[in-house]
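Structural overview for review
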Amino acid sequence: AQTVTQSQPEMSVQEAETVTLSCTYDTSESDYYLFWYKQPPSRQMILVIRQEAYKQQNATENRFSVNFQKAAKSFSLKISDSQLGDAAMYFCASHGAGNMLTFGGGTRLMVKP
Amino acid sequence: DAGVTQSPTHLIKTRGQHVTLRCSPISGHKSVSWYQQVLGQGPQFIFQYYEKEERGRGNFPDRFSARQFPNYSSELNVNALLLGDSALYLCASSLGPISNQPQHFGDGTRLSIL
């Protein structure tokens, strides 16, 4: 079974600053994928970034990047130059065998102007 | 191209009733997954269907069932509704069932049980 833990229920960041959201996971799979999803109040779950576990290079997507530490089973999300539109719930998720995404409990990110 | 569409947007039911939720995947996507998201929690996996066959099932009672049609759209059915079934039900589609194909989510159906 896979588990995903997000230890920060809420985080806040000043506009234009950088924030890091934490995520740890546990899996017995050797081949798996990790994702960060953003869920604004509009409810739709939006894919932010994904990481293949077999790749050592950390994924980046514009202002979003991850710090993937496979041995530590850690997968944090860094948001640079935070914008007001980044305010949302952020969910870390793993996808391995069993054809399912396992989500963490989420982190609410607030962006202060 | 249209994204994943779900209907209805909101639904109010009473305990003991039955409900059917519908999902249309992105064009070309053959896999549909269903998730339940209780308020304040992360989504929980319910089912995955691919080519009309069930490919995965989460830890949900038999009151929950689903099916996928030849056009790859899907229905989620819940019988004998309980208060605890109140949640946002999310549908996600992907090209196929394997883990390297990211899932794209719809806006969800908000189900309230009175």
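Predicted, not measured: the structure shown is a model, and the values here were computed from it.

What counts and what doesn't
Residues numbered from 1 in each chain as written. Chains lettered and ligands numbered in written order. Predicted model: local features only at pLDDT ≥ 70, side-chain atom pairs only at ≥ 80, totals over all residues. Heavy atoms only, no water. Pairing = 2+ DSSP bridges. Helix = DSSP H or I, 4+ residues; strand = E, 2+ residues; numbered from the N terminus. Contact = heavy atoms within 4.5 Å. Buried area = accessible area lost by both parts, 1.4 Å probe. Salt bridge = Lys/Arg side-chain N within 4 Å of Asp/Glu carboxyl O. Polar contact = N/O pair within 3.5 Å; in protein donor to acceptor, adjacent residues only side chain to side chain. Nonpolar A, V, L, I, M, F, W, Y, C, P; charged D, E, K, R; others polar. Buried < 20%, exposed > 50% of the residue type's maximum accessible area, 1.4 Å probe, protein only.

Quick look at the pairing of strand S3 (residues 19–24) of chain B
Consecutive residues of a regular strand have side chains that alternate between opposite faces of the sheet. All names here are of chain B. With three bridges connecting them, strand S1 (residues 5–7) and S3 associate as antiparallel partners. Note that in S3 the partner of Thr-5 across the bridge is Ser-24. Pairing of S3 with strand S8 (residues 74–78), which is carried by five bridges, proceeds in the antiparallel orientation. Each residue of the ladder has a partner; that of Val-19, found in S8, is Val-78.

Some remarks on the interface of chain A and chain B
A common way to report how large an interface is uses the accessible area buried once the components associate. Taken together, the contact between chain A and chain B spans 19 residues of the former and 27 residues of the latter. With both sides pooled, the region where chain A packs onto chain B buries about 1,800 Å², and carbon together with sulfur makes up 50% of that total. Inspection of the region where chain A meets chain B yields zero salt bridges. Run the count over chain A and chain B and you get seven residue pairs in polar contact (both at pLDDT 80 or more). For the side of chain A that touches chain B, the secondary structure elements donating two or more residues are strand S5 (33–39), strand S6 (46–52), strand S10 (88–95) and strand S11 (101–103) of chain A. The element best represented in the side of chain A that touches chain B is S5(A), accounting for four residues. Classifying every residue of the side of chain A that touches chain B gives nine nonpolar, eight polar and two charged.

With respect to the pattern of salt bridges
Opposite charge on two side chains allows them to pair when their charged atoms are near. A full pass over the atoms with the stated rule returns eight salt bridges over all chains. Among the salt bridges present, the one from A:Lys73 reaches A:Asp26, with a minimum N-O distance of 2.9 Å. On the criterion of sequence distance, the pair formed by A:Lys73 in the loop between strand S8 (64–69) and strand S9 (74–79) and A:Asp26 in strand S4 (residues 24–26) is long-range, its members being 47 residues apart. Given a relative accessible area of 39%, A:Asp26 falls into the partly exposed group. For B:Glu75, the salt bridge is made with B:Arg67, and the minimal N-O distance between the two is 3.3 Å. In this structure B:Glu75 comes out as buried when scored by relative accessible area, which is 10%. Each member of the salt-bridge network shares a partner with another, and the members are B:Arg22, B:Arg67 and B:Glu75.

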